[in-house]
Amino acid sequence: MNDVFIYWDNSNIYHEAQRLADEREGTPGARYLVRIHFDNVLGLAQADRTVRRAVAAGSIPPEMQQLWNRMENSGVEVHLFDRGIQGQGEQGVPDQWLQLRMLEDAVDYNGDPGVVVLLTGDGAGYVTGRGFHSTLERMHNRGWAVEVLSWAHSCNRGMRGWATDNGKFIALDDYYDAITFREPSRPGHEFAPPRNPGVLDLSHRPVAR
């Protein structure tokens, strides 16, 4: 029951970090330099538990290739989507792919459920019985423990409230300095000085049982 299954909506986590960067960094233009520190985000999701499965969905832009390679080398199953394909929403198809993986695991591990660790704030579709929130409820009803990791400002209110009442909601804001860093500016385009990630402290990280 303590084994974790991690599902990572990279576009949601990354783009919302960009939105928050200018405010948290106190430096104009920080949004263009902020990056997600993969190792620390994975460590935050894992929280010193055994990872049974970890999957991530994202988009193809070449500047992200190092991140995807790092994820795959760490045992994360990565599936990429071309956000430039006409008629395909940037988030619709990746979200559906992640939700399908979650439902497959709910069936495949029906007799041995674990902890769902979902990294997204997207709770759209709930009123029609679709989307991440509905998928979490289905898994919870089958005996899965639930954790939602999201930026507080962007997490769907209904999903956040449900996760708080039925599992754990972990605000990524509390770990901002550890799970993000700033790349150096390009010469002639100095927005903000570089910043290394801080130390990840899990001592107050709540876990679902």
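Look up a bit, the structure's there.
The shown structure was predicted, so the numbers you read here are calculated from the model rather than taken from an experiment. (Residues numbered from 1 in each chain as written. Predicted model: local features only at pLDDT ≥ 70, side-chain atom pairs only at ≥ 80, totals over all residues. Heavy atoms only, no water.)

**Thoughts on the packing of aromatic side chains**
Threshold: Aromatic pairing here means that ring centres of Phe, Tyr or Trp (its six-membered ring) are within 6.5 Å. Orientation follows from the plane angle: under 30 degrees is stacked, over 60 is edge-to-face, and everything else is tilted. In this description a helix means any DSSP run of H or I spanning at least four residues, a strand means any run of E spanning at least two, and both kinds are numbered starting from the N terminus. The buried label goes to any residue with under 20% of its type's maximum accessible area, the exposed label to any with over 50%, and the partly exposed label to all in between, with areas taken from a 1.4 Å probe on protein chains only.
Inspection of the entire model under this criterion finds 5 aromatic pairs. Geometrically, the ring pair formed by Phe-5 and Tyr-109 is edge-to-face, given 4.9 Å between the ring centres and 65 degrees between the ring planes. A residue pair is termed long-range when its members are at least 10 positions apart, and Phe-5 in strand S1 (residues 4-9) and Tyr-109 in the loop between helix H4 (92-108) and strand S5 (115-119) qualify at 104 residues. For the ring pair Phe-81 and Trp-97, a centre distance of 6.4 Å and an interplane angle of 65 degrees mean the geometry is edge-to-face. Here the residue Phe-81 occupies a position in strand S4 (residues 77-81), and Trp-97 occupies one in helix H4, the gap between them amounting to 16 residues. Exposure class is identical for Phe-81 and Trp-97. Each is buried. A connected cluster of aromatic rings, assembled from ring pairs, spans Phe-5, Tyr-109 and Trp-144.

**Observations concerning the nonpolar core**
Basically, it comes down to this: Remark: nonpolar core denotes a set of buried residues (Ala, Val, Leu, Ile, Met, Phe, Trp, Tyr, Cys) joined through side-chain atoms within 4.5 Å. Contacts are residue-level and defined by heavy atoms, with any inter-residue pair within 4.5 Å sufficient.
Core analysis: the biggest nonpolar cluster contains 35 residues, and Trp-8, Met-71, Leu-119 and Trp-151 have the highest contact counts within it. Excluding its chain neighbours within four sequence positions, the residues that come into contact with Trp-151 are Ile-13, Glu-16, Ala-17, Leu-20, Ile-36, Leu-172, Asp-173, Tyr-176, Ile-179 and Thr-180. Tyr-7, Phe-81, Cys-155 and Trp-162 belong to the second largest nonpolar core, which has 23 residues in total.

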